[in-house]
Amino acid sequence: MSLIAEKDLTEFLPLFGLTEFRPGQREVIEAVLAGDDCLCVMPTGGGKSLCYQLPAVARPGVTLVVSPLIALMKDQVDQLLSKGLRATFVNSMLDPAEQYARLDGMAAGQYDLVYVVPERFRSPRFLEAVRGANLKLLAVDEAHCISQWGHDFRPDYAKLGRFRGMLGNPPTIALTATATDTVRQDIVAQLALRSPRTFIHGFVRPNLHYEIDLSHNKGRKDQVLEGFLRQNPGSGIVYASSRKRCEEVAEQIVQTTGRKATIYHAGMAPDERRSAQDRFMQSECDIVVATTAFGMGIDKADVRFVIHYNLPGTLEGYYQEAGRAGRDGLPSRCLMLYSYGDRKIQEFFIESRYPAREIVAEVYNYLRAIDGDLIELTQQEIKEALGLQISAEGVGACEQLLEKAGALERLESRENMARVKVDSDAAMLVDMLPRQAKAQRRLARAIEKIVGAVRFEWVEVSPRDLQAATEMDSAALGRALRELRHLKVFDYIPPFRGRAIRMIERAAPFGTLKVDFETYEKRRQCEYDKLNRVVAFAESSRCREREILSYFGETDSPPCGRCDNCRRRGLGRTSTEAATASRDDAASRTESKPPEHVEINDPLLEVVRKALSGVARSRSRFGKNVVAQMLCGSNSAKMKKFGLQKLSTYGLLSGFKQDEVVELLDALLTVGCLEQVEQDKFRPTVHLTDRGQQIMVGRAVLEAGLPLSSALARRFAPARPPDAPAGRTRAVSPPVIPAPPLSASSPATRGQPADAGHAPIPAPPADALRHEERADGSDAAAPGPVAGSHYWTWRVLASGFSVAECMAIRGLEREVVLDHALRAADAGWTVDPGWF
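Residues numbered from 1 in each chain as written. Predicted model: local features only at pLDDT ≥ 70, side-chain atom pairs only at ≥ 80, totals over all residues. Heavy atoms only, no water.

## A look at the packing of aromatic side chains
Describing an aromatic ring pair means giving the distance of the ring centres and the angle of the ring planes. Note the cut-off: Within 6.5 Å between ring centres, the rings of Phe, Tyr and Trp (the latter by its six-membered ring) count as paired, and their orientation is classed by plane angle as stacked under 30 degrees, edge-to-face over 60, tilted in between. Under the scheme used here, helices are H or I runs from DSSP no shorter than 4 residues and strands are E runs no shorter than 2 residues, and both carry numbers assigned from the N terminus. Residue burial is assigned from relative accessible area. The probe radius is 1.4 Å, only protein chains are included, and a residue is buried under 20% of its type maximum, exposed over 50%, and partly exposed in between. Cation placement over rings: the criterion is NZ of Lys or CZ of Arg within 6 Å of the ring centroid and within 35° of the ring normal.
Taken as a whole and judged by the stated rule, the model has 16 aromatic pairs. Note on Phe121 and Phe163: the rings are 5.6 Å apart at their centroids and 25° apart in plane angle, and the pair reads as stacked. Pair noted here: Phe121 is in the loop between β4 (113–116) and α6 (124–132) and Phe163 is in helix α8 (residues 160–166), with a separation of 42 residues, a long-range link. Taking relative accessible area as the criterion, Phe121 reaches 2% and is therefore assigned buried. The lysine or arginine in question, Arg102, covers the ring of Phe89, its NZ or CZ lying 4.8 Å from the ring centre.

Here is the structure:
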């Protein structure tokens, strides 16, 4: 059909309660009406739905919309019906008779929009109905679910390309709110789109204010949450990582703030979830505390804030969830309460989604050893029987891998529907049966008519339909089905309740199964990479919006001026606000004067500071052995898994052996610079103490007597200056640092100048830092100027640390480090431009 004139497109807007298009919508709609395949990437609240809904009502024919959630499609259809538009859905919430009636209505042209879940394509009856309809457009919503590199991969989505081919490759639009370039390419390939028009719009949300609070423990989170909710009225969503945490946070909100809150998670009954959603949508309660199960397709315009109580697993997920705030264009806040321990929660989720090879083997060997039917065996029962340290969903992930390897089948209840499968393209079932088997032949013809062209796939069928087609009672039908199962090309599963599995292979040892662990490990590592990006986002001092836009491919955006980092730097504020904030920030970061006696001329102190900075950069998430591996530049799998090879402190002590660094960390534990905390049973992690922090940034003394073996202590023995009398302390001056041995992972081979930090460091002017001896032999600060904060920053840089390492050690932002370097240069100290 020819393109509808541009001037006519706006005539359809009142049907949707709109007066104008949002940015990018008109271009997409024009491409759809022209019959082009399209890939549309618009953020949550950007108006993706209109891009296929308007074309659906602007011309005759059916638009088939694939949507991931049954509840989501019902909400969308209800909204369309309230506007007087012709829309419906077909899913398992309906009884078979109603499903068939709606399919017949679709074929008769009674609907413009029909919503289905991807699993619906398994039904031959559905495929036949679609073939008989005037299908004008296939719309695949939440299209990132197609890609195994996306953040919400669903296997049934991955089959849509094949089903699309069975329907004659109709014009298709794939829509998603979050997709990196890799995911976009995968969507196009999986759906086999033909030269698709790609539209990417609207990732900048000028009314959203991103902010992150570094909350070291639950008490801090609860305190910040309470204060935030007292200051911010209106509707809001609080996302938590688990069902239990949702319940705890909701109770906390009610008790501390008196505000009305409800909960929403997948563990609730459907009617409970529906009730919670309706209460929130109708503003009967203003806060919903939920897992990520809540929000997809929720179109509530006046959400004033979205809070992430726990770290989300991906930046895509965070942006999609945060984007549910402020759809009315009014200022809205997006707060994340981030703690280092949150990462462990997400790691547990990843380990459950991608169990280790040995766990998959353990599950397989357990299942194949059971003699009998496994239909009633639940994933939780398998987990408990084996004592696995993964979730019940992790057992499901093992089953999914074993299903792909042909060892078992996973079965899901289909509302009293049976299943049949014909594993042959060539032969007809009836031709494989003797002529005297009249009942079986009659049944075979009925099954072939139902299955149609769908082979090698399970096809749902109503036992009542089979009875009607064969004119058999249930007993006779059961006998005929059992007889047909003797054929190698036919299989049948009777109706059952719940989720179950059925073993296909029991004899084969696990090692002989064709499990694609290579792709599996790539996907697992991809999940860890995504998690590392979220952690980097939470810890970044850059503009939050720029970080998000950069992740999605927009690398030249200016600072937003609204997020916490921008406001901390004074961007986007009046001069008065900026000056006030600058004074406040300076006051909050006021540093004490340098200690009266710091043994700077000590090789041990330099190594200790590097070790302490390594603990600081690892964010108290690992034990001493892993920290030591990181500092030594290890190439172990853990470094890649946790992204430790990307830390600025990776390889900082590459000249030492791992056991030497572990010994050093043990010594620092003994003298109280570090401490071990057993956050998980038998899994202590290393933490920096206040004293360790002070020593790391040069504000405290490292006393003599660090308990080291004689062999390691000899490596740190300082050379006494020839003119230094015994028992007296000379004027402090920066030392000559010997070049440490280099390795492929040391800073000098990771982009640093080869001689960085190895040349003699000139002493600052005499008035920068002077000491004189007191009568009792101790040092006293001499009258006159004392070295400021910029001196210690210069000392760290001049000692060979990179700018990023200096930021971590000193606790400063990049701009402050640069300012300190300029002040050092003004003072006449040597500053190498290569540092920056």
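Having seen the structure, we can now continue with the description.
## A short note on the sheet that holds strand β16 (residues 459–461)
Threshold: DSSP calls a pair of strands paired once it identifies at least 2 bridges connecting them. For every element, the axis is a line fit to its C-alpha atoms; helices are fit only across the contacting stretch, and the angle between N-to-C directions ranges from 0 to 180 degrees.
Taken in spatial order, the 3 strands of this open sheet run β16-β15-β17, and their pairing is antiparallel. Both edges of this open sheet fall to β16 and β17 (490–493), since each of them pairs with a single strand only. For this sheet the average axis-to-axis angle between neighbouring strands, irrespective of direction, equals 25°. In this structure, strand β15 (residues 418–422) lies alongside β16, joined through 3 bridges in antiparallel fashion.

## Observations concerning the packing of helix α14 (residues 342–353) against helix α21 (residues 517–539)
We apply this condition: Here is the rule for angles: anything less than 35 degrees is roughly parallel, anything more than 145 is roughly antiparallel, 65 through 115 is roughly perpendicular, and the remaining ranges are oblique. We call a crossing left-handed when the near helix sits turned anticlockwise from the far one by less than a right angle, and right-handed when that turn is clockwise. Here, residues are in contact when the closest pair of their heavy atoms is within 4.5 Å. Three classes are used: nonpolar for Ala, Val, Leu, Ile, Met, Phe, Trp, Tyr, Cys and Pro, charged for Asp, Glu, Lys and Arg, and polar for all others, with Gly counted as polar.
The geometry of α14 relative to α21 is characterised by a closest axis approach of 10 Å and an angle of 165° between their N-to-C directions. Viewed along their axes, α14 and α21 adopt a mutual orientation that is roughly antiparallel. In the packing of α14 onto α21, the handedness of the crossing is right-handed. The residues of α21 that touch α14, namely those facing Arg343, Gln346, Glu347, Ile350, Glu351 and Arg353, are Tyr520, Arg524, Glu527, Tyr528, Leu531, Asn532 and Val535. Looking at the contact of α14 with α21 residue by residue, the classes come out as 5 nonpolar, 2 polar and 6 charged.

## Some details on the environment of Leu668
On the secondary structure map, Leu668 appears in helix α28 (residues 658–670). The exposure class assigned to Leu668 is buried, which follows from its relative accessible area of 0%. Ignoring anything within four residues of it in the chain, the contact list for Leu668 reads Val608, Ala611, Leu612, Cys673, Leu674 and Leu706.

## Topic: the pairing of strand β13 (residues 332–338)
Using the following cut-off: A clockwise course of the path from the first strand over the helix to the second, judged with the strands pointing away from the viewer, identifies a crossover as right-handed.
Counting buried positions over the 7 residues of β13 gives 6, a clear majority of the element. Alignment of strand β8 (residues 208–214) against β13, held across 7 bridges, turns out to be parallel. Looking at the pairing, Asp213 lines up with Leu337 of β13. Where strand β12 (residues 303–308) meets β13, 4 bridges bridge the pair, whose relative direction is parallel. Counterpart to His308 in the pairing with β13 is Met336. Regarding the hand of the β-α-β motif, the stretch spanning β12, helix α13 (residues 315–322) and β13 is right-handed.

## Brief notes about helix α19 (residues 463–470)
This is how the line gets drawn: In this description, one arc is meant: the one made by directions from the helix axis to the C-beta atoms.
For α19, the set of buried residues is Pro463, Leu466 and Thr470. Summarising the axial view, the buried residues of α19 lie within an arc of 60°, below the 170-degree limit, and thus occupy one face. Projecting away from the buried face of α19 at angles above 90 degrees are the exposed residues Arg464 and Ala468.

## Let's talk about the pattern of salt bridges
Which entries qualify depends on this criterion: Any carboxyl oxygen of Asp or Glu that lies within 4 Å of a side-chain nitrogen of Lys or Arg is treated as forming a salt bridge with it.
Applying the stated criterion across every chain, the model contains 31 salt bridges. Arg274 is the salt-bridge partner of Asp278, the closest N and O atoms lying 4.0 Å from each other. Placement of both Asp278 and Arg274 in helix α12 (residues 270–281) is noted, with a separation of 4 residues, approximately one turn of the helix. Owing to a relative accessible area of 25%, Arg274 belongs among the partly exposed residues under this scheme. Residue Asp328 is joined to Arg304 by a salt bridge in which the shortest nitrogen-to-oxygen separation is 2.8 Å. Of the two residues, Asp328 is situated in the loop between α13 and β13 and Arg304 in strand β12; the sequence distance between them amounts to 24 residues. For Asp328, a relative accessible area of 32% translates into the label partly exposed. Through salt bridges that share partners, Glu351, Glu521, Arg524 and Lys641 make up one connected network.

## A word on the side chain of Thr172
Selection criterion: Throughout this description, a polar contact denotes any pair of N or O atoms lying within 3.5 Å of each other; where both atoms belong to protein, one of them has to be capable of donating a hydrogen while the other can accept it, and for residues adjacent in sequence the pair is counted only when both atoms sit in side chains.
Relative to the helices and strands, Thr172 is located in strand β6 (residues 172–176). Within the structure, the side chain of Thr172 is placed 2.8 Å from the backbone oxygen of Pro170, a separation counted as a polar contact. Apart from residues lying up to four places away in sequence, Thr172 is in contact with Asp36, Asp37, Cys38, Leu137, Leu138, Val140, Arg164, Leu191 and Leu193.

Take it as geometry only, folks, not as evidence of what the structure does.
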